[in-house]
Structures are given as structure tokens and as C-alpha cells.
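Listed below, chain by chain, are the residues.
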Amino acid sequence: MYFPEKDSASWKYIKNKNINYKKLQSEINRQQLFFGNYPQSILIIKNGEIIFEHHSFMTLPQSRFDVWSCTKSFTGLAWFLLLDEINKKTNPKKTLIDLNTKIYKFLPKSFIDNDLRKKEITLHHLLSMTSGIPGENHQIYGLVTQPNFGPYEFALGMCDNRYGKSVVKLTSIPGTQWDYSDAGVAILSILFFKIAKINIHEYLNRKVFKPIGIENASWDLHGGGNFLGPFTSSHVGLHISARDLSKFGLLLLNYGKWKEKQLIPKNLIKKITTKSQKLNENYGYQFWLNTDGKHWLSLPKNMFALEGYNSNRCYIFPTEKIIVTRIGAGPSEWNEQNFITNIYRSCR
């Protein structure tokens, strides 16, 4: 197993003679030249040690960024930890639920009145982006609501968003189409609180963050006041440093083991980081994959990643024991393929 020697924010840093440092820095300089010099942090871990670290002007190792949809991967892990708890009956007070449970039975019946197909949506459908709840395929991005409604009202189909789009009706029968739906992921947060009696961020802080020494993270809450909530923002809104996000990547790389303790069952890590359905084989349970070798061309098929807007990424290469974390305030568009290919080839 590979792990940092200290549990604090201090990692062991080594100069690896097999690493092409000149090429690494050249790639970062090239990206900045062509795609803008945004505030950013880049960290590369190999065999549990930092081999390269870059922070832009006015950015420190402790600087945090909203990693946007990388947040979804944390949500996916939280759900599988909860399901494992329920399955093992370690907390009998929790409501019985599994991946095949139809989730709308936990919500008021009125939420399916406008589309009875919703009653067939399972937890698996929400976690695998196959629920039929409209998403990016239908130009619905995020939960941008009108001033008199909250984000969870929109996710449940109680109102249109500020652009006049709605998720009140499904675009397909659950399980028949893949669509990247922030609204579907938002419902996962409501359900989690209803079943676990605790918000996702509180749950993960106890089960994962504290045990592995993530010390510099915070999580947005949505809703509250006159609106539904507040619940953990499950689709975006985790603010974290590159070093702390890399610790999470290291936990995944080691299949849930941290030092000598198995914090997360190995089979759970394997489950969430392999394909969840056949409609998009490069998507697991809130993680991005390279199952067919086409999501990241010419890179290992067993790699996987957390991906978020503004080019926030945490790539994990299990065979090579490499983690590449890139977080920042932009750009929104970049040449990701060149970046990760050149970084990977420089670190092998």
C-alpha cells in the first residue's frame, strides 16, 4: 500500500530521477499560454509521494477551489457506504434500501402526478444517470432557479428554471437513456437525508474526511429558509485543496485502505469505478471511466477520474500508482487530452 508519511497537510516530497520534470513544466506552461493563466493547483502523486507540485501566482498548497462536478463522486461514495451499512445492519434504525429500490416511494405522491413513469425510477437509475430526468442532453445545466423557488423545488419538478426549462416530465423510460442530470443528483441529497437522518457532508466528514486527514474542505448547502432544505449540494459545491483531493484519490487508488485500516470495503471502490450500465460504458456510479479506451485516447482502460467544470480533475491510474490532480478557477474549455496524456507519459 502507498500512503503519505504524515496525516497532516504535509506530504513527503521526492525528486524522482525517472520523471521528466522539464516536460511536465512545459506542458503546464503550454496550457496556460493557450487557455489562460487562471488560478490553479496541480499535484502529481506516485507511489504515495508528491513528485510534482505547481501553484499559480497567489495560489498556495492550502488554497481551495469549488471543484464543481467532482462533488458528484463524493456523493456516489457516500451512497455506497450507506448501502453497505444498511446491508450489514450496522445501523438498524436506517430505512431499508438498495440499488433496486424505487425512490419516489419516499417522496410525496404529488411529485409523480405529472408523469407516472417516475414511480419506476430506482436508486441505481439516479446514481448511473439513467433516470430519464432531463439533463445536459436537453440543455439543462445545474439548478438555476427563479428567485421565488429553491433548487430542490426545481429538481423535483415543482417549477421551471430561470430559462423556462422544466424537469417535471421524464424524457425517457427510466433505464433506457443516459443523460447527465444535475437534477437527478440533487434528488440523491434529499433521499440521503431522509434515509440516513444526516446530510451527506456530515456523513462523509465522519466516515472518510477525518480518518484520512482531509483538513481543508467545506461543502455548500442548498435550500432552507422558505425553500426545501437545507441539504448538502450533491452535484457541485465541494471546496477543497489539491492536496486534500489527492488524499481522496489515494484512498480510491488503494481500494479503500488507508495505512493499515480498511476504511471502505474494497468491493465498494471497485463497484463505483466500473461501468454502471451499457448506455455509457465510460460512466460508473458518479465516476468517469475509460472502459472503451475512447474517453481518454491512448491511455489505460482501467484509469478513472473525478471531473468538474472549469477543468477540475482528479485522475487515478491504478496500475502505475499515479494520481494527477488539477483544480482551479478555469478555463471552462481546454485541451484535456493533451494535458493528461503528456503528464501521464512524463510520469510513467
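Read on for a plain summary of the structure. Because the structure is predicted, anything quoted here is derived from the model rather than measured. (Residues numbered from 1 in each chain as written. Predicted model: local features only at pLDDT ≥ 70, side-chain atom pairs only at ≥ 80, totals over all residues. Heavy atoms only, no water.)

In terms of helices and strands, the chain carries nine helices and 13 strands. Radius of gyration (C-alpha) of the chain: 20 Å, near the 20 Å computed for a compact globule of 348 residues. Each of the three principal axes of the chain carries a C-alpha extent, and together these read 65 × 45 × 40 Å. Residue burial in the chain is summarised as follows: out of 348 residues, 59% are buried. Long-range pairs, those at least 24 residues apart, make up 63% of the contacts in the chain between residues at least 6 apart in sequence. For the chain, the computed accessible surface area is about 15,000 Å², with 50% contributed by carbon and sulfur atoms. (Helix = DSSP H or I, 4+ residues; strand = E, 2+ residues; numbered from the N terminus. Rg over C-alpha atoms; globule rule 2.2 N^0.38 Å. Buried < 20%, exposed > 50% of the residue type's maximum accessible area, 1.4 Å probe, protein only. Contact = heavy atoms within 4.5 Å. Areas by Shrake-Rupley, 256 points an atom, 1.4 Å probe, with all protein chains shown as cover.)

Right, let's get into the nonpolar core. Core analysis: the largest hydrophobic core is formed by 108 residues, its most contacted members being Trp79, Leu204, Val208, Leu306 and Tyr315. Every residue in contact with Leu306, bar those within four places of it in the chain, is listed here: Cys70, Ser73, Phe74, Leu245, Phe248, Leu252, Phe287, Asn312, Arg313, Cys314 and Ile316. (Core = buried A, V, L, I, M, F, W, Y, C linked by side-chain atoms within 4.5 Å.)

This paragraph deals with the side chain of Thr325. Here Thr325 is to be found in strand S13 (residues 322-328). At 2.8 Å, the side chain of Thr325 and the side chain of Ser246 are in polar contact. If near-sequence neighbours (up to four positions away) are discounted, Thr325 is found in contact with Ser41, Ile42, Leu43, Ala242, Leu245, Ser246, Arg313 and Cys314. (Polar contact = N/O pair within 3.5 Å; in protein donor to acceptor, adjacent residues only side chain to side chain.)

Once that is clear, we can look at helix H7 (residues 242-253). Since the α-helix packs 3.6 residues into each turn, any two residues three or four apart lie on the same face. Along its twelve residues, H7 runs 16 Å from first to last C-alpha, staying within 8% of the 16 Å computed at 1.5 Å per residue. Here H7 lies mainly inside the structure; twelve of its twelve residues are buried. Just downstream of H7 lies Tyr255, where phi reads positive at about 50 degrees. (Expected span 1.5 Å × (residues − 1).)

Put simply, helix H2 (residues 70-87) and helix H5 (residues 182-196) touch, their axes get as near as 11 Å, and they point 35 degrees apart. Handedness of the crossing formed by H2 with H5: left-handed. Contact residues: H2 offers Lys72, Thr75, Ala78, Trp79, Leu82 and Ile86, while H5 offers Asp182, Val185, Leu188, Leu191, Phe192, Ile195 and Ala196. Its residues placed into classes, the contact of H2 with H5 shows ten nonpolar, one polar and two charged. (Axes fitted to C-alpha atoms, helices over the stretch in contact; angles between N-to-C directions. Left-handed = near helix turned anticlockwise from the far one by under 90°. Nonpolar A, V, L, I, M, F, W, Y, C, P; charged D, E, K, R; others polar.)

What follows covers the sheet that holds strand S2 (residues 49-55). The six strands lie next to each other as S2-S1-S13-S12-S11-S10, forming an open sheet whose pairing is antiparallel. Every interior strand has two partners, whereas the edge strands, S2 and strand S10 (288-289), have only one. Looking at chain direction, strand S1 (residues 40-46) and S2 are connected through six bridges and run antiparallel. Following the sheet pairing, Lys46 is matched in S2 by Glu49. Seen against the sheet, helix H1 (residues 21-35) touches S1 and S2 and runs at an angle of roughly 30 degrees to S2. Sheet strands in contact with H7 are S1, S2, strand S11 (304-308), strand S12 (312-317) and S13, and its direction is about 150 degrees off that of S13. (Pairing = 2+ DSSP bridges.)

Moving on: the pairing of S13. Within S13, seven of the seven residues are buried, which leaves the element mostly enclosed by the surrounding structure. Residues Ile322, Val324, Arg326 and Gly328 of S13 are buried on one face, and the alternating residues Ile323, Thr325 and Ile327, pointing to the opposite face, are buried as well. Pairing analysis gives seven bridges linking S1 to S13, with the strands arranged antiparallel. Across the sheet, residue Leu43 finds its bridge partner in S13, namely Thr325. From the end of S12 to the start of S13, which pair antiparallel, there are four residues, and Lys321 there has a positive phi angle of about 60 degrees.

Before going further, it helps to examine unusual backbone geometry. In this chain, Gly229 is followed by Pro230 through a cis amide linkage whose omega measures 5 degrees. In this fold, Pro230 is placed in the loop between strand S5 (221-222) and strand S6 (231-232). Its identity as a non-glycine residue notwithstanding, Met58 has a phi of 70 degrees, on the positive side. Among the structural elements, Met58 can be located in the loop between S2 and strand S3 (64-66). Judged by its relative accessible area of 69%, Met58 is exposed. Residue Ser298 is not a glycine yet carries a positive backbone phi of 65 degrees.

Before going further, it helps to spend a moment on helix H9 (residues 336-347). Between its first and last C-alpha atoms H9 spans 17 Å; for twelve residues at 1.5 Å apiece the expected length is 16 Å, and the two agree. For H9, every residue scored as buried is listed here: Glu336, Phe339, Ile340, Thr341, Ile343, Tyr344, Ser346 and Cys347.

Attention shifts here to the sheet that holds strand S4 (residues 218-219). Spatially, three strands are ordered S3-S7-S4 in an open sheet, and the strand pairing comes out antiparallel. Of all the strands in the sheet, the pair left with one neighbour each is S3 and S4. Bridging between S4 and strand S7 (residues 238-241) involves two bridges; their strand directions are antiparallel. Counterpart to Trp219 in the pairing with S7 is Leu238.

Purely geometric numbers; function is a separate question.
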